Amino acid sequence: MNLALNRPISGTSGRLLLAGLAVAFALAGCASPKGIHPQAALTQPEAVEGVSHPAANSDNWPSIRWWQSFADPQLDKLVEQAMLDNPTLEAAAARIRRAQAQAGRTLSPSAPQLNANINANIHGWPTDDHYGSGTLAGTETWDNSAMLGFSYELDLFGRQQDRKQRAQRDVAVSEASARVVQLDLTANLIRTYIAYALNYAQLDVQKSRLAQQHQIVDLTQKQLSAGIGTRYDLQQARAQLPVTQRRIRALEEAIELNRNTLVTLAAQPLSEAGKLVRPTLLLNRQLSLPSDLPLELIGRRPDLVLSRWQIASQASAVDMARTDFYPNINLVASLGQVLTNGALTDWTDAERRTFSAGPALSLPIFDGGARRARLGIAAAEYDEAVQQYNNTLRHALQEVSDQLIRQRSAKDQSELADLAVQQAEQVYDTAEKAFQRGLTDYLHVLDAQTRLLDQRIAREQIHAQLLRVQADLALSLGGGVQFMAQPDNEQLTPERVPVSAEVSTP
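Since we're looking at a predicted model, the values are computed, not measured.

### Considering the overall build of the protein chain
Okay, step 1: Per the secondary structure count, the protein chain includes 9 helices and 6 strands.
Okay, step 2: The 506 residues of the protein chain split such that 41% are buried.
Okay, step 3: Here the analysis covers contacts within the protein chain between residues at least 6 apart in sequence; of these, 85% occur between residues at least 24 apart.
Okay, step 4: A total of about 26,800 Å² of accessible surface is found on the protein chain, and carbon and sulfur atoms cover 52% of it.

As structure tokens, this is what we get:
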């Protein structure tokens, strides 16, 4: 099998081969990639107010389990359960395995190929008017063949290397996609848990309101019996009870729905929803975010990492389309035993042995523009991937900037909400004492009570809003997702096809 391949090419055969290669390269110029290239350029990320640039040391942020700063063991357990057997993450893991298998299938043609083919057929010859009574009439013969074939593609123009890079980068794309899914799942679970805690806090306020309203009803009834009150005051006091009871029931429903959502996100059966208890998470708790946020953190976002790997994959696709314009040279050899109209024992006959060996050359000359079209498609898809990254980057910068603005505003609103509750408590205490002494009517007490409880509800909502903003800021910086490898700047552009615009990489 290797005899012909191992002998050096010389003499007339060598000159003919070299001449053939020269003609092949000349003719290959008929199918030219000239004028087809990517045109999009990567956007340079700009500094955001509150985010430093250049990057500072950010190795410790975001923490892999940053949500533990909420100090709620039940939340920690839910997130851990969501990361284990969640169908959404399992589907993402399956896509990774599929990409890895696809990579193996893509790379397999670049490895040496060895195959065997064996056929054994017995042939019975008849005696009739067509065959006559010749030597084969009434006999049985064997038509057999056994072939061992070998082929290997010479990677003279980097075609195999491009396939390998594309396959590896596609695997990285699937891994980054899984991280995006993981972050979205974490975000939905934590936001739902904060709403779960808020509903409990609002339920406390409404129950407090109901208890105070019952006290007012009792006091109004006593004053009416003593002749110092009116029936109108009693009716007004009783009219508030069903309103508050309806609000309590609505909050209880919201809590039950929160439980269902939480166990579903955590991939637990709905029967576990009833086992969830009130969160120990405090709405006025402050997360320990770093005071200086490096711009480098934005680059760790899974969606940006995914976009960069998609660009790198498309860069390899452009290079692959470019190498289609080059000749393809394979080393081909075969060794076999051929038996026709013989006996089965003729398998061992050396005279029936056959072999072949030599290079096989294929090259594009005229293909109706198919290769130029493939290169044009690859270049356009590369430009699309670059523009998608640019758009994702702009939205990421806006999201971080928006969260920083919301954080500053929520902190100020939280302080003002605390002050409003303190003042409303003072007004209510004054109105309640005056009513007990008969110095004012019930309407003043009802108005003060309503204002107080409304301010308490507003305070809980603003505290929850601040907590959500802090969580969203952590999530917008890729929180909770382990650091992923990113493509180098050189991997973001094709190696063999120049980009028309100068690419400025972040």
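Now that the structure has been shown, we can carry on.
### Some details on the packing of aromatic side chains
Each aromatic ring pair is characterised by the separation of its centres together with the angle its planes make.
Okay, step 1: By the definition in use, this model includes 2 aromatic pairs.
Okay, step 2: Ring geometry for Tyr193 versus Tyr196: centroids 5.8 Å apart, planes at 65°, classification edge-to-face. Here Tyr196 and Tyr193 lie together in helix H5 (residues 159-225), a separation of 3 residues that amounts to about one turn. Residue Tyr193 shares its accessibility class with Tyr196, and that shared class is buried.
Okay, step 3: Between Tyr196 and Tyr200, the ring centres sit 5.4 Å apart and the planes meet at 70°, which makes this aromatic pair edge-to-face. Within this pair, Tyr196 and its partner Tyr200 are both found in helix H5, separated by 4 residues, close to a single helical turn. Here Tyr196 and Tyr200 have matching classes, each one buried.

### A word on helix H3 (residues 73-84)
Okay, step 1: For H3, which comprises 12 residues, the first-to-last C-alpha distance of 17 Å matches the rise-based estimate of 16 Å (1.5 Å per residue) to within 8%.
Okay, step 2: Capping the start of H3, Asp72 holds a side-chain oxygen 3.0 Å from the backbone nitrogen of Gln74, two or three residues further along.

### Observations regarding the pattern of salt bridges
Close approach of charged atoms lets side chains of opposite charge pair.
Okay, step 1: According to the stated counting rule, one finds 11 salt bridges in the structure shown.
Okay, step 2: In this structure, Arg166 and Asp170 form a salt bridge, with 3.5 Å as the shortest nitrogen-oxygen distance. Here Arg166 and its partner Asp170 are both found in helix H5, 4 residues apart, which amounts to about one turn of the helix.
Okay, step 3: One salt bridge in this structure joins Arg301 and Asp303, with 2.8 Å as the shortest N-O distance.

### Side note on the nonpolar core
Okay, step 1: The biggest cluster of nonpolar side chains holds 51 residues, and the ones touching the most others in it are Trp66, Phe70, Leu75, Leu189, Ile190, Leu281 and Leu283.
Okay, step 2: Counting residues per element, this core draws most heavily on H5, at 17 residues.
Okay, step 3: Not counting the four nearest positions on each side in its chain, Ile190 is found in contact with Trp66, Trp67, Phe70, Leu75 and Ala471.
Okay, step 4: Val173, Trp309, Ala385 and Leu473 belong to the second-largest nonpolar core, a separate cluster that totals 33 residues.

### Things to note about the side chain of Arg209
Okay, step 1: The topology assignment puts Arg209 in helix H5.
Okay, step 2: Taking relative accessible area as the criterion, Arg209 reaches 4% and is therefore assigned buried.
Okay, step 3: Sequence-distant contacts of Arg209, defined by excluding residues within four places in its chain, comprise Thr244, Arg247, Gln449, Thr450, Leu453 and Asp454.

### Details of the environment of Arg163
Okay, step 1: When you line up the elements, Arg163 lands in helix H5.
Okay, step 2: Taking the relative accessible area as the measure of exposure, Arg163 reaches 19% and is therefore buried.
Okay, step 3: Through-space distance from the C-alpha of Arg163 to that of Asp319 is 9.2 Å; in sequence the pair is 156 residues apart.

### Considering the environment of Leu89
Okay, step 1: Here Leu89 lies in helix H4 (residues 87-107).
Okay, step 2: Taking the C-alpha atoms as reference points, Leu89 and Ala178, 89 residues apart in sequence, are found 6.9 Å from one another.
Okay, step 3: Leu89 has contacts with Ala82, Met83, Ala178, Val181, Gln182 and Leu185, leaving out every residue within four places of it along the chain.

### Some words on the packing of helix H7 (residues 302-323) against helix H8 (residues 370-436)
Okay, step 1: H8 packs onto H7 with a crossing angle of 165° between their chain directions and a minimal axis gap of 9 Å. In this view, H7 runs roughly antiparallel relative to H8, as classed from their interaxial angle. Both H7 and H8 take part in a crossing whose hand is left-handed.

### Some words on unusual backbone geometry
Okay, step 1: Its identity is not glycine, yet Ala71 carries a phi of approximately 60°, on the positive side.
Okay, step 2: In this structure, Ala71 sits in the loop between strand S1 (51-52) and H3.

### Section: the environment of Leu419
Okay, step 1: In this structure, Leu419 sits in helix H8.
Okay, step 2: Assessed through its relative accessible area of 41%, Leu419 is described here as partly exposed.
Okay, step 3: Note: C-alpha distance between Leu419 and Gln455 (36 residues apart in sequence) is 9.7 Å.

### Here we look at helix H6 (residues 231-265)
Because an α-helix packs 3.6 residues into every turn, residues spaced three or four apart end up facing the same way.
Okay, step 1: Look at H6: 52 Å from first C-alpha to last across 35 residues, which is about the 51 Å you get at 1.5 Å a residue.
Okay, step 2: Just downstream of H6, Ala267 is the residue with a positive phi angle, here 60°.

### Overview of the confidence of the model for the protein chain
Okay, step 1: When pLDDT is averaged along the protein chain, the result is 77, and 76% of the positions lie at 70 or above.
Okay, step 2: By mean pLDDT, helix H1 (residues 3-6) is the weakest element of the protein chain at 35, and H6 is the strongest at 90.
Okay, step 3: Confidence over residues 1-10 falls short of pLDDT 50; this stretch has 11 contacts with residues more than four positions distant or in other chains.
Okay, step 4: This model gives residues 501-506 a pLDDT under 50, and the stretch forms 20 contacts once residues within four places in sequence are excluded.

Conventions we followed
Residues numbered from 1 in each chain as written. Predicted model: local features only at pLDDT ≥ 70, side-chain atom pairs only at ≥ 80, totals over all residues. Heavy atoms only, no water. Helix = DSSP H or I, 4+ residues; strand = E, 2+ residues; numbered from the N terminus. Buried < 20%, exposed > 50% of the residue type's maximum accessible area, 1.4 Å probe, protein only. Contact = heavy atoms within 4.5 Å. Areas by Shrake-Rupley, 256 points an atom, 1.4 Å probe, with all protein chains shown as cover. Phe/Tyr/Trp six-rings, centres within 6.5 Å; stacked < 30°, edge-to-face > 60°. Expected span 1.5 Å × (residues − 1). Polar contact = N/O pair within 3.5 Å; in protein donor to acceptor, adjacent residues only side chain to side chain. Salt bridge = Lys/Arg side-chain N within 4 Å of Asp/Glu carboxyl O. Core = buried A, V, L, I, M, F, W, Y, C linked by side-chain atoms within 4.5 Å. Axes fitted to C-alpha atoms, helices over the stretch in contact; angles between N-to-C directions. Parallel < 35°, antiparallel > 145°, perpendicular 65-115°, else oblique. Left-handed = near helix turned anticlockwise from the far one by under 90°. pLDDT = per-residue confidence, 0-100.

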